[in-house]
Amino acid sequence: MWKTLLLWTGGAFLLLQAIQIDIPEPPKHIDPNDEIKAPKEIMAMLKTSCYDCHSYETKMPWYGHISPVSLEVKSHIKEGREAVNFQEWENYDEAKKQKVYKGIVKTINFRMPMPMYLTMHEDAKLNRSQRDKIKSWAQSHIKEEF
């Protein structure tokens, strides 16, 4: 009984490995002039807490290649880059930038970085003061006409 259950579970796990989500490879040349510009303190926080999903500088953990966890990890990275890629910032029009600034203001206190991500990435946690600084920085860039 237990051997059969273990065999089926192992087989299902192995079959899951065939299901993968591809995240696009970064371009061969990334122009540093396209990256978002912010004060050093803000850039340091963005790089520590946001760049894994919102840039080409993703540091894929070992478990990010093993299904079913990889499906979740890679889908978050893919969606994060689609929402905003801070290394592509200067390629966005002003409407997109304004949408991102407003999104940062809305999400920085509750949803970003994602709680699930923070369970495995202690260094990405932002304290209240850091969140407030990022929020104030983003708010200072919001223009009324958008």
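The rules behind each value
- Residues numbered from 1 in each chain as written.
- Predicted model: local features only at pLDDT ≥ 70, side-chain atom pairs only at ≥ 80, totals over all residues.
- Heavy atoms only, no water.
- Helix = DSSP H or I, 4+ residues; strand = E, 2+ residues; numbered from the N terminus.
- Buried < 20%, exposed > 50% of the residue type's maximum accessible area, 1.4 Å probe, protein only.
- Contact = heavy atoms within 4.5 Å.
- Axes fitted to C-alpha atoms, helices over the stretch in contact; angles between N-to-C directions.
- Parallel < 35°, antiparallel > 145°, perpendicular 65-115°, else oblique.
- Left-handed = near helix turned anticlockwise from the far one by under 90°.
- Nonpolar A, V, L, I, M, F, W, Y, C, P; charged D, E, K, R; others polar.

A. Fine view of the overall build of the protein chain. When its secondary structure is counted, the protein chain shows six helices and zero strands. Starting at the N terminus and ending at the C terminus, the protein chain contains elements arranged as α-α-α-α-α-α. When its C-alpha atoms are laid out on the principal axes, the protein chain stretches across 65 × 35 × 25 Å. Burial analysis of the protein chain (146 residues in total) assigns 37% to the buried set. Counting contacts in the protein chain only where the partners sit at least 6 residues apart, residues at least 24 apart contribute 69% of the total.

B. Focus on the packing of helix α4 (residues 94-107) against helix α6 (residues 128-139). Between α4 and α6, the least distance of the axes is 9 Å, while the angle of their chain directions is 150 degrees. For the element pair α4 / α6, the angle class is roughly antiparallel. Here α4 runs over α6; the crossing is left-handed. Judged by residue contacts, Tyr-101, Ile-104 and Val-105 of α4 engage Ile-134, Lys-135, Trp-137, Ala-138 and Gln-139 from α6. Class assignment for the residues of the contact of α4 with α6 results in six nonpolar, one polar and one charged.

C. Representation of the environment of Ala-38 in the model. With respect to the secondary-structure elements, Ala-38 resides in the loop between α1 (2-16) and α2 (40-49). Each residue touching Ala-38, except ones within four places of it in the same chain, is listed here: Met-43 and Trp-137.

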